[in-house]
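Reading the structure
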Amino acid sequence: MSASPLRYASLSIATAVVVLGLKLAAWKVSGSVGLLSDALETLTNVGGALMAFTMLRIALQPPDAAHAYGHGKAEYFSSGFEGMLIFVAAAMIAVEAIPRLTDPQPIEAPGLGLGIAVLASLINLVVAQMLLRAGRRLHSVTLVADGRHLMTDVWTTVGVLVGLAIVVLSGWLWMDAAIALMVAAHVLFEGFKLISEAAHGLMDSAWPAEEQARLLAVLDRFRVDGEVDFHAIRTRRAAALHFADFHVLVPGRWTVQRGHDLIEQIEAALAEQFERLIVSTHLEPSEDPRSYEGRPLHHS
């Protein structure tokens, strides 16, 4: 795998630091707790970006004697860590915002504060789209999670800006704190999704239904009634890597060479459909009852 994901992770770190500085400046000049909540949410981007860079460096290492299947699962730790940071940010936002509901404070220099926040949000938007495209192209769970986190930050800022505009136009100072609490609820939801997806990855969840259907469609091309069949089909993913294993049932009279040639053809066909696929197969004689013993996780 190319080392290019690390370059995107480095960009994410630099962006998070710059945007955090801008948002803290926007809060300082305005005194808005809504903008403070936005800055606190961005603070998690810095920690998340640093964790993403660290985990990507581990994930990109080649397999070794202690990790024969590679280090790809390290990426799930990064997305889970980002989710937990979001929880912390939500708590910090609530601590700042709840007292302001009963004791609202005036907003100073709202125009300057809003202008700085808009600039920060535009930077986030551009970098988020770059990370999402790169993550999907490179099959990086970490870059996709980082990009989604930045997009959450973008929508958070948009919500804060709209709310502050309402505060300035209406004079409802309590709305500033209410907006901050809505931001906290939104980022909590995003944090839960990141942690949930990381947990699924670490627990070896099967491929999505669409990918499993593509796998079965390839195997169906090699099925021959009374001769070739498959069972005990299992799938899992580890970040960018796809894993599949299954048993290939053939007549016992076949030579080892013929069975081997069939498996080579099957694996070549699967490689055309799936990038970074690791396949494990087990050849069995279809006439032997022992070939069907056990309880496979997937019948087909």
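Given the structure is predicted, the values throughout are model-derived calculations rather than measurements.

The rules behind the values
- Residues numbered from 1 in each chain as written.
- Predicted model: local features only at pLDDT ≥ 70, side-chain atom pairs only at ≥ 80, totals over all residues.
- Heavy atoms only, no water.
- Helix = DSSP H or I, 4+ residues; strand = E, 2+ residues; numbered from the N terminus.
- Rg over C-alpha atoms; globule rule 2.2 N^0.38 Å.
- Buried < 20%, exposed > 50% of the residue type's maximum accessible area, 1.4 Å probe, protein only.
- Salt bridge = Lys/Arg side-chain N within 4 Å of Asp/Glu carboxyl O.
- Pairing = 2+ DSSP bridges.
- Axes fitted to C-alpha atoms, helices over the stretch in contact; angles between N-to-C directions.
- Patch = residues over 30% accessible without salt bridge, like charges linked within 9 Å, V, L, I, M, F, W, Y side chains within 5 Å.
- Areas by Shrake-Rupley, 256 points an atom, 1.4 Å probe, with all protein chains shown as cover.
- Expected span 1.5 Å × (residues − 1).
- Phe/Tyr/Trp six-rings, centres within 6.5 Å; stacked < 30°, edge-to-face > 60°.
- Lys NZ or Arg CZ within 6 Å of the ring centre and 35° of its normal.

1. Side note on the overall build of the protein
On a plain count of helices and strands, the protein comes out with eight helices and three strands. N-terminal to C-terminal, the α/β element order of the protein is α-α-α-α-α-α-α-β-β-α-β. Its C-alpha radius of gyration of 26 Å places the protein more than 25% over the 19 Å reference for a compact globule of 300 residues. Its C-alpha atoms put the protein at 85 × 35 × 30 Å along the principal axes. The burial tally for the protein puts 45% of its 300 residues in the buried class.

2. Description of the pattern of salt bridges
As enumerated under the stated definition, the model contains five salt bridges in all. Glu210 is the salt-bridge partner of Arg214, the closest N and O atoms lying 3.7 Å from each other. Residue Arg214 and its partner Glu210 are located together in helix H7 (residues 209–220), separated by four residues, close to a single helical turn. Classification of Arg214 by relative accessible area gives partly exposed; the value is 26%. In this structure, a network of salt bridges that share partners links the residues Asp220, Arg223 and Asp229.

3. Focus: the sheet that holds strand S1 (residues 229–238)
A sheet is described by the order of its strands in space; here three strands give the open sequence S1-S2-S3, paired in mixed fashion. Looking at strand neighbours, the two that pair on one side only are S1 and strand S3 (277–285), the edges of this open sheet. Sheet twist, expressed as the mean angle between neighbouring strand axes with direction ignored, is 10°. Pairing of S1 with strand S2 (residues 241–250), which is carried by eight bridges, proceeds in the antiparallel orientation. Bridged to Arg237 within S2 is His242.

4. Comments concerning unusual backbone geometry
Excluding glycine, a negative phi dihedral is what most residues carry, and trans is how most peptide bonds are arranged. Within the chain, Ala232 stands out as a residue other than glycine whose phi angle is a positive 55°. Of note, Ala232 is situated in strand S1.

5. Describing a nonpolar patch on the surface
Taken together, the side chains of Trp155, Val158, Val162, Ile166, Trp172 and Trp174 present a nonpolar region at the surface, about 620 Å² in accessible area. Element by element, the count of residues in the nonpolar patch is highest for helix H5 (residues 141–170), at four residues. Position of Val162 among the secondary structure elements: in helix H5. Residue classification places Val162 among the partly exposed positions, given a relative accessible area of 48%.

6. Some thoughts on helix H2 (residues 33–59)
Between its terminal C-alpha atoms H2 stretches 39 Å, which fits the 39 Å expected from 27 residues at 1.5 Å a residue. Among the 27 residues that make up H2, 19 are buried, leaving the element largely enclosed by the rest of the structure.

7. Focus on the packing of aromatic side chains
The tally for this structure, following the rule as stated, stands at two aromatic pairs. Seen from their ring centres, Trp207 and Phe274 are 4.8 Å apart, and the 45° between their planes marks the pair as tilted. Here the residue Trp207 occupies a position in the loop between helix H6 (174–202) and H7, and Phe274 occupies one in the loop between helix H8 (256–273) and S3, the gap between them amounting to 67 residues. One exposure class covers both Trp207 and Phe274, and it is buried. Over the face of the ring belonging to Phe243 we find Arg236, whose NZ or CZ atom lies 4.0 Å from the ring centre.

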